[in-house]
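Commentary on secondary and tertiary structure
What follows is the residue order along each chain.
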Amino acid sequence: MPRLFTLAQARRSLPSIAAVVIVMRKRALRLDELTALSSSMRRTTSADGDPIVTDDSEMRNEISKIERQIAELIEHIQQQGVEVKDIRRGLVDWRAERDGRVVYLCWQYGERTVSWWHELSDGFAGRQPIVADEWT
């Protein structure tokens, strides 16, 4: 069974999780840039319409390296018992118990603290604000 967190535990773990999320987001944004650049390089044609062959092996190596780094960062977060939901948004969830059922405590990059929760099946769209005295 996945680990369950209290609100206090999730909030205490946030600084270390957020630090990894920041790096993960930067890597994902760089990956997006390189992927788009690589794709445009492959579509380049000369004035007469013939394809221009470019050696993008260095770029592909860099893309592979970043993909491995992102996978390692996700694994690091998951080893803490936290679930990565969206690497570009920096969205992560902690499983918690509320009224006898398992729910998610939810945080995304840019938020000051863990201030939202949602049902497992609702996802981000179902986020509800945390009322502290309901979680004690």
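Report follows, based on the coordinates. Nothing here was measured: the structure is a model prediction, and the numbers come from that model.

**Some words on helix H2 (residues 57-79)**
If you check H2, its first and last C-alpha atoms are 33 Å apart, about what 23 residues at 1.5 Å a residue would give, namely 33 Å. Within the sequence span of H2, burial applies to Met59, Ile63, Ile66, Ile70, Leu73 and Ile77. Directly beyond the C-terminal end of H2, a positive phi value near 90 degrees is found at glycine 81.

**Side note on the layout of surface pockets**
By volume, the largest pocket is sized at about 150 Å³. Along its surface, the largest pocket is lined by 11 residues, and Phe5, Thr6, Glu97, Arg98 and Trp135 are the ones closest to its centre. Considering every element that reaches the lining of the largest pocket, the biggest residue donor is strand E2 (residues 91-98), with three residues.

**A closer look at the nonpolar core**
Core analysis: the largest hydrophobic core is formed by 31 residues, its most contacted members being Trp94, Leu105 and Val114. Of all elements in the fold, only helix H1 (7-42), H2, strand E1 (82-86), E2 and strand E3 (101-108) reach the threshold of two or more residues within this core. Residue contributions to this core peak at 11 residues, all from H1. Tryptophan 94 has contacts with Phe5, Ala10, Ser13, Leu14, Ile17, Val82, Val103, Tyr104, Leu105, Trp107 and Val114, leaving out every residue within four places of it along the chain.

Reading the values: the criteria
- Residues numbered from 1 in each chain as written.
- Predicted model: local features only at pLDDT ≥ 70, side-chain atom pairs only at ≥ 80, totals over all residues.
- Heavy atoms only, no water.
- Helix = DSSP H or I, 4+ residues; strand = E, 2+ residues; numbered from the N terminus.
- Expected span 1.5 Å × (residues − 1).
- Buried < 20%, exposed > 50% of the residue type's maximum accessible area, 1.4 Å probe, protein only.
- 1 Å grid on protein atoms, 1.4 Å probe; cavity = no way out; pocket = protein on both sides within 12 Å on 5 of 7 lines; lining within 4 Å.
- Points joined across faces, edges and corners; volume = space filled by probe spheres on them.
- Core = buried A, V, L, I, M, F, W, Y, C linked by side-chain atoms within 4.5 Å.
- Contact = heavy atoms within 4.5 Å.

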